[in-house]
Amino acid sequence: MKEMKIKLCVDDVRYFVKASAECDFDVDVNYNRVLVDAKSILGVMSMDLNNVLTVKFYGEDSGFESFLQKYAVA
C-alpha cells in the first residue's frame, strides 16, 4: 500500500476519478474518518475538498503516481 497527500479542486475531480478508474487495483480517498472509493465521482465530490485528502492505493502504476504528483502537497 502506498499513501499520498493531495489537494483537489472541483474541476480536478473528474480527471482524478478517471485516472483512478484506469488502475486495476483499489484506490481509496480519506479525510478524517470518511473513506470513499476514488473510482466513484459522487464519493469524491462528497469529500470536503477544502482540506488535504489522503490517497491510499494498493498496487503499482507509475503513470498514476506521476498523475498524483501534480496534486501532491508537502
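A quick note: this is a predicted structure, and the numbers were derived from the prediction, not measured.

1. Here's the deal with helix H1 (residues 10-21)
Point 1. Under the 1.5 Å per step criterion, the end-to-end length of H1 is 18 Å for 12 residues, consistent within 8% with the ideal 16 Å.
Point 2. Considered for burial, the residues of H1 that qualify are Asp12, Val13, Phe16, Val17, Ala19 and Ser20. Burial along H1 is one-sided: seen end-on, the buried residues are contained in an arc of 160 degrees. Turned more than 90 degrees from where H1 packs its buried face, Asp11, Arg14 and Lys18 sit exposed.

2. Let's talk about the sheet that holds strand S2 (residues 27-31)
Point 1. Strand order across the open sheet formed by four strands is S1-S4-S2-S3, with antiparallel pairing between neighbours. Every interior strand has two partners, whereas the edge strands, strand S1 (2-6) and strand S3 (34-37), have only one. Mean inter-strand twist for the sheet, computed between neighbouring axes without regard to direction, equals 25 degrees.

3. Section: the environment of leucine 53
Point 1. Structurally, leucine 53 is set in strand S4 (residues 53-57).
Point 2. For the pair leucine 53 and leucine 68, spaced 15 residues apart in sequence, the C-alpha to C-alpha distance is 12 Å.

4. Some points on the pattern of salt bridges
Point 1. By the definition in use, this model includes four salt bridges.
Point 2. Here glutamate 65 and lysine 2 are joined by a salt bridge, their closest N and O atoms 3.1 Å apart. Here the residue glutamate 65 occupies a position in helix H3 (residues 62-69), and lysine 2 occupies one in strand S1, the gap between them amounting to 63 residues.
Point 3. The closest approach of N and O atoms between glutamate 22 and lysine 18, which form a salt bridge, is 3.6 Å. Neither glutamate 22 nor lysine 18 differs from the other in exposure class; each is exposed.
Point 4. Beyond isolated ion pairs, a larger network of salt bridges with shared partners links Lys2, Glu60 and Glu65.

Rules and cut-offs
- Residues numbered from 1 in each chain as written.
- Predicted model: local features only at pLDDT ≥ 70, side-chain atom pairs only at ≥ 80, totals over all residues.
- Heavy atoms only, no water.
- Helix = DSSP H or I, 4+ residues; strand = E, 2+ residues; numbered from the N terminus.
- Expected span 1.5 Å × (residues − 1).
- Buried < 20%, exposed > 50% of the residue type's maximum accessible area, 1.4 Å probe, protein only.
- Arc of directions from axis to C-beta.
- Pairing = 2+ DSSP bridges.
- Axes fitted to C-alpha atoms, helices over the stretch in contact; angles between N-to-C directions.
- Salt bridge = Lys/Arg side-chain N within 4 Å of Asp/Glu carboxyl O.

Geometry only, nothing functional implied.
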